[in-house]
Amino acid sequence: MRKLTLISHHLCPYVQRAAIALFEKGVPFERVNIDLTDKPDWFLKISPLGKVPLLRIEEEDGSEAVLFESSVICEYLEETQAGTALHPEDALTRARHRGWMEFGSSVLSDLWGYETAQDELQLNAKRKALISKFATLEGVLGDGPYFSSSGFSLVDAVFAPVFRYFDLFDTLGDSGIFDGLERVKRWRKALSERASVRAAVGEDYPERLTDFLKKHNAILLRQPAAA
């Protein structure tokens, strides 16, 4: 029986992907949060990129392996753990899903710029980029409730942390990012209600995200409050 430890950070959306996959698979694991502004030496020794998540895999014989990169971790869990499949059986559909997982990473890149923007020019540029990407998703989504109809997949695990940001952002002002995107909005709602998604962060997530925005002097905090 392997012991799995997820090396984590309270806010990291990439960590959330791995946590969601672990919860969906019903795999017992330990979670260890670290401070990314003061990375411990033991972490730097086992993390080639100095990033989270890491998955530490301890075997019964005492040997240990460490995986890095969220997509690698999720693929490993899919290939080695029992439970509901999170990838389609069909090779072509599975490849398409992997492509949309990468698309999710590009959304997170724009989202980083959006949440850390300190002026209107940068905020509006990233807002437009996000609108464009979510409009692309609107065009490929079906009737839902998830990315691939009724079955929860790793694509959903990738996008659930993306949508989670907006639970706070929506209280700060009306971005209009999801206007007219009815399928995306239904998808967002379905993901927010998923038990694995809710369990992927702590109860203090909104407070921690607010503190993050304050530290970056985010213009989002200076927008007119939502009604």
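Residues numbered from 1 in each chain as written. Predicted model: local features only at pLDDT ≥ 70, side-chain atom pairs only at ≥ 80, totals over all residues. Heavy atoms only, no water.

## Comments concerning the packing of aromatic side chains
The final tally for this structure, using the stated rule, is 18 aromatic pairs. These aromatic residues form a ring-pair network of at least three members: Trp100, Phe103, Tyr114, Phe134, Phe147, Phe159, Phe163, Tyr165, Phe166, Phe169, Phe178 and Trp187. Stacked on the ring of tyrosine 205, the Lys or Arg arginine 164 has its end atom at 5.7 Å from the ring centre. (Phe/Tyr/Trp six-rings, centres within 6.5 Å; stacked < 30°, edge-to-face > 60°. Lys NZ or Arg CZ within 6 Å of the ring centre and 35° of its normal.)

## Quick notes on the sheet that holds strand E4 (residues 64-68)
Across the sheet, 4 strands lie side by side as E2-E1-E3-E4; this open sheet has mixed pairing. In this open sheet, the two edge strands, each paired with only one partner strand, are strand E2 (30-33) and E4. Across the sheet, the mean angle from the axis of one strand to that of its neighbour is 20 degrees, orientation sign disregarded. One ladder, built from 5 bridges, connects strand E1 (residues 3-8) with strand E3 (residues 54-58); its direction is antiparallel. Counterpart to leucine 4 in the pairing with E3 is isoleucine 57. Strands in contact with helix H1 (residues 13-25) are E1 and E2; relative to E1, the strand with the most contacts, it is inclined by about 155 degrees. Where helix H3 (residues 70-80) meets the sheet, it contacts E1, E3 and E4, and its direction lies at approximately 40 degrees from that of E3. (Pairing = 2+ DSSP bridges. Helix = DSSP H or I, 4+ residues; strand = E, 2+ residues; numbered from the N terminus. Axes fitted to C-alpha atoms, helices over the stretch in contact; angles between N-to-C directions. Contact = heavy atoms within 4.5 Å.)

## A short note on the pairing of E3
Of all 5 residues that make up E3, 4 are buried, and the element is covered over most of its length. With 5 bridges joining them, E3 and E4 adopt antiparallel strand pairing. Within E4, the position partnered with arginine 56 by the bridge is valine 66. Adjacent in sequence and paired antiparallel, E3 and E4 are bridged by 5 residues, among which glycine 62 carries a positive phi angle near 95 degrees. (Buried < 20%, exposed > 50% of the residue type's maximum accessible area, 1.4 Å probe, protein only.)

## Quick word on unusual backbone geometry
Put simply, valine 52 and proline 53 share a cis peptide bond, and its omega is 5 degrees. Within the element layout of this structure, proline 53 appears in the loop between helix H2 (41-46) and E3. A cis geometry characterises the amide bond from glycine 144 onward to proline 145, with omega recorded as 15 degrees. Among the secondary structure elements, proline 145 is positioned in the loop between helix H5 (120-140) and helix H6 (154-172). One non-glycine residue with positive phi stands out, namely glutamate 69, at about 80 degrees. Tracing the backbone shows glutamate 69 in the loop between E4 and H3. According to the relative accessible area criterion, glutamate 69 is partly exposed, its value standing at 34%. Although it is not a glycine, asparagine 217 sits at a positive phi angle of roughly 50 degrees.

## Here we look at the side chain of serine 153
Relative to the helices and strands, serine 153 resides in the loop between H5 and H6. We classify serine 153 as buried; its relative accessible area is 3%. Sequence-distant contacts of serine 153, that is, excluding residues within four places in its chain, are made with Leu86 and His97.

## Considerations on the environment of tryptophan 187
Looking at the secondary structure, you find tryptophan 187 in helix H7 (residues 182-192). The contacts of tryptophan 187, once residues within four sequence positions are left out, are Leu137, Leu141, Pro145, Tyr146, Phe147, Val155, Asp156, Phe159 and Phe163.

## Looking at the packing of H1 against helix H4 (residues 91-116)
At a minimum axis distance of 11 Å, the contact between H1 and H4 shows a crossing angle of 145 degrees. Together, Pro13, Tyr14 and Arg17 of H1 and Met101, Gly104, Ser105 and Leu108 of H4 make up the contact between the two elements. Residue composition of the contact of H1 with H4, grouped by class: 4 nonpolar, 2 polar and 1 charged. (Nonpolar A, V, L, I, M, F, W, Y, C, P; charged D, E, K, R; others polar.)

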